[in-house]
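# Tertiary structure, described
Chain by chain, the residues:
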Amino acid sequence: PDPACASLRRHSPGPTPAMAEAGTHKVGAFARVTGLERTPHLNGEIGELVRQTDAGRWVVRVRSGLKAVRPENLHPAAAEIPDAARRGLGGAAAATAHLLLELARSGGHRALSAVMLPASVPIWIIATLAGCYWLHRPLTTPEAALPGISEMGIAPPARGVYRSGSATVGLLMACTVR
């Protein structure tokens, strides 16, 4: 074994804890392909699970087309947003709606609401990125410190957080302009 590789393995954070256990693969879910020896160029790609074959492999839609992959070579994304995160997102949306209603009612003349509007924009940006990162974590490769922002919004649960958070930030920024 190469000593440089052994050193890299020692210092890598190890496998990411899966949010979806093995065997919970579902049609339409997204997963990262890993551990392929015959077609190593597919390792690291994120694909959508299309169907399961009679042999037990999953047909996965990746950039280069449809490929049949063993379930143990697929690391699935989170299938849904946990209830605690859903409640937190709902509370943040309610607080933001209250802020916007207060701004509309006062015309932006109340100091607290006028200060909270610009302050809520970076909070929403950070919360959106953190939520997407957390939901995307099972799809992240060990080599990547941080995934690309557009990659974090690829799988369905993270995509919803990404879109709603971005829309909320856009709305808040539009309200800051007179």
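Residues numbered from 1 in each chain as written. Predicted model: local features only at pLDDT ≥ 70, side-chain atom pairs only at ≥ 80, totals over all residues. Heavy atoms only, no water.

Let's shift gears to the overall build of the chain. Helix and strand counts for the chain come out as five helices and five strands. Seen in sequence order, the chain has helices and strands lined up from the N terminus as α-β-β-β-β-β-α-α-α-α. Every one of the 178 residues in the chain was classed for burial, and the buried ones make up 30%. Surface summary for the chain: the accessible area is close to 11200 Å², and the carbon and sulfur share equals 61%. (Helix = DSSP H or I, 4+ residues; strand = E, 2+ residues; numbered from the N terminus. Buried < 20%, exposed > 50% of the residue type's maximum accessible area, 1.4 Å probe, protein only. Areas by Shrake-Rupley, 256 points an atom, 1.4 Å probe, with all protein chains shown as cover.)

Examined against the element boundaries, Thr128 turns out to sit in helix α3 (residues 111–136). One polar contact links the side chain of Thr128 to the main-chain carbonyl oxygen of Trp124, over a distance of 2.7 Å. Residues contacting Thr128, with those up to four places away along its chain left out, are Val161, Tyr162, Gly165 and Ser166. (Polar contact = N/O pair within 3.5 Å; in protein donor to acceptor, adjacent residues only side chain to side chain. Contact = heavy atoms within 4.5 Å.)

Let us now look at α3. With 26 residues, α3 extends 38 Å between its outermost C-alpha atoms, agreeing within 8% with the 38 Å of an ideal straight helix rising 1.5 Å per residue. Approximately 30° is the largest bend angle found in α3, and it occurs at Ala119, with the proline Pro122 only one to four residues beyond. Listed as buried for α3 are Ser113, Leu117, Ser120, Val121, Trp124, Thr128, Cys132, Leu135 and His136. Lining the buried residues of α3 we find β1 (30–33), β2 (46–52), α2 (83–106), α4 (149–152) and α5 (156–176). (Expected span 1.5 Å × (residues − 1). Bend = angle between axes of the 7 residues up to and from the residue.)

Its volume calculated, the largest pocket comes out at about 390 Å³. Taken together, 20 residues make up the lining of the largest pocket; nearest its centre are Gly88, Leu89, Ala92, Trp124 and Ala127. Elements represented by at least two residues in the lining of the largest pocket include exactly α2, α3 and α5. No other element matches α3, which puts nine residues into the lining of the largest pocket. For the lining of the largest pocket, the per-class residue count stands at 14 nonpolar, six polar and no charged. (1 Å grid on protein atoms, 1.4 Å probe; cavity = no way out; pocket = protein on both sides within 12 Å on 5 of 7 lines; lining within 4 Å. Points joined across faces, edges and corners; volume = space filled by probe spheres on them. Nonpolar A, V, L, I, M, F, W, Y, C, P; charged D, E, K, R; others polar.)

Quick look at the nonpolar core now. Listed in full, the ten residues of the largest apolar core are Ala31, Val33, Leu36, Leu42, Leu49, Trp58, Val60, Val62, Val69 and Leu74. Of all the secondary-structure elements, those providing two or more residues to this core are β1 and β3 (58–62). Per element, the largest residue contribution to this core is three residues, and it comes from β3. Leu49 has contacts with His25, Lys26, Val27, Gly28, Ala29, Ala31, Trp58, Val59, Val60 and Leu74, leaving out every residue within four places of it along the chain. Residues Leu99, Leu100, Leu103 and Val121 belong to the second largest nonpolar core, which totals eight residues. (Core = buried A, V, L, I, M, F, W, Y, C linked by side-chain atoms within 4.5 Å.)

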